[in-house]
Amino acid sequence: MTLTALEKGRAHVAKMNPGLEETLSDRYDHLVPDMAESLIEWAYGRHYVRKGLDVKTRQLCTVAALTALGGQTGPQLKINIAHSLAVGVTDKELAEVIWQMSVYGGMPAAINGLNALLDVQAEQ
């Protein structure tokens, strides 16, 4: 049986953040119907599950990109830091990836990223 992209996405998210689709649906689907399902299908079911990179590397890439984009990505950065930890990325690896982004996103972006890491650590 071949899984659809939505089924693959749901299976992938279940390992990192089992309530994510429901949380997104409750928050956004009244504004944009099926937004949560679309995100799970597209981002997780079509991109995160692709062959070529392991899930830890994909999560580190995501954290790096969100860090370099800057402070406006804070909520998404925290979620992806938590997802990274859930798939086995270490605190040290996260700190190093975030710090590396000081070269590309600037020192304020790296400081915001490190603060996001500290916040997630404190919540866990």
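Position numbers for residues start from 1 in each chain and track the written sequence from start to end. In view of the model being predicted, local features appear only for residues whose pLDDT reaches at least 70, and side-chain atom pairs are presented and counted only at 80 or more, with totals across whole chains, interfaces and linings using the full set of residues. Only hydrogens and water are removed before side-chain values are computed, so all heavy atoms of the structure are retained for them.

A.B. asks: Just checking my understanding: could you explain unusual backbone geometry for this structure?
C.D. replies: Only a minority of non-glycine residues have a phi that is not negative, and only a minority of peptide bonds are not trans. One non-glycine residue, D34, lies in positive phi territory at about 70°. Take D34: it is sitting in the loop between α2 (20-28) and α3 (35-48). Secondary structure elements follow DSSP: runs of H or I no shorter than four residues count as helices, runs of E no shorter than two count as strands, and numbering proceeds from the N terminus.

A.B. asks: What's the story with the nonpolar core in this structure? I'm lost.
C.D. replies: Nonpolar side chains in soluble globular proteins tend to be buried together. In terms of nonpolar packing, the biggest core is built from 14 residues, with L60, V63, L77, I81, L94, I98 and L117 touching the most fellow members. Going through the elements one at a time, α4 (55-69), α5 (74-86), α6 (91-100) and α7 (107-123) are the ones with two or more residues in this core. Any two residues whose heavy atoms approach within 4.5 Å are treated as being in contact. When neighbours within four sequence positions are excluded, L94 is seen to be in contact with L60, V63, I81, S84, L85, V89 and L117. In this structure, A36, I40, Y44 and Y48 belong to the second largest nonpolar core, which totals ten residues. The set of buried Ala, Val, Leu, Ile, Met, Phe, Trp, Tyr and Cys residues whose side-chain atoms join them within 4.5 Å is what this entry labels a nonpolar core. Buried, partly exposed and exposed residues are distinguished by accessible area as a fraction of the type maximum, computed with a 1.4 Å probe on protein chains only: under 20%, between the cut-offs, and over 50%, respectively.

A.B. asks: Where do I start with the pattern of salt bridges in this structure?
C.D. replies: A side chain with one charge can pair with a side chain of the opposite charge if their charged atoms come near. In the sections that follow, a salt bridge refers to a side-chain nitrogen of Lys or Arg positioned within 4 Å of a carboxyl oxygen of Asp or Glu. Enumeration according to the criterion identifies five salt bridges in this entry. With its nearest N and O atoms 2.8 Å apart, the salt bridge here joins E21 to R10. With E21 in helix α2 and R10 in helix α1 (residues 5-16), this residue pair connects regions lying eleven residues apart in the sequence. The closest approach of N and O atoms between R46 and E41, which form a salt bridge, is 3.4 Å. Connected through salt bridges with shared partners, the residues R10, E21 and E37 form a single ionic network.

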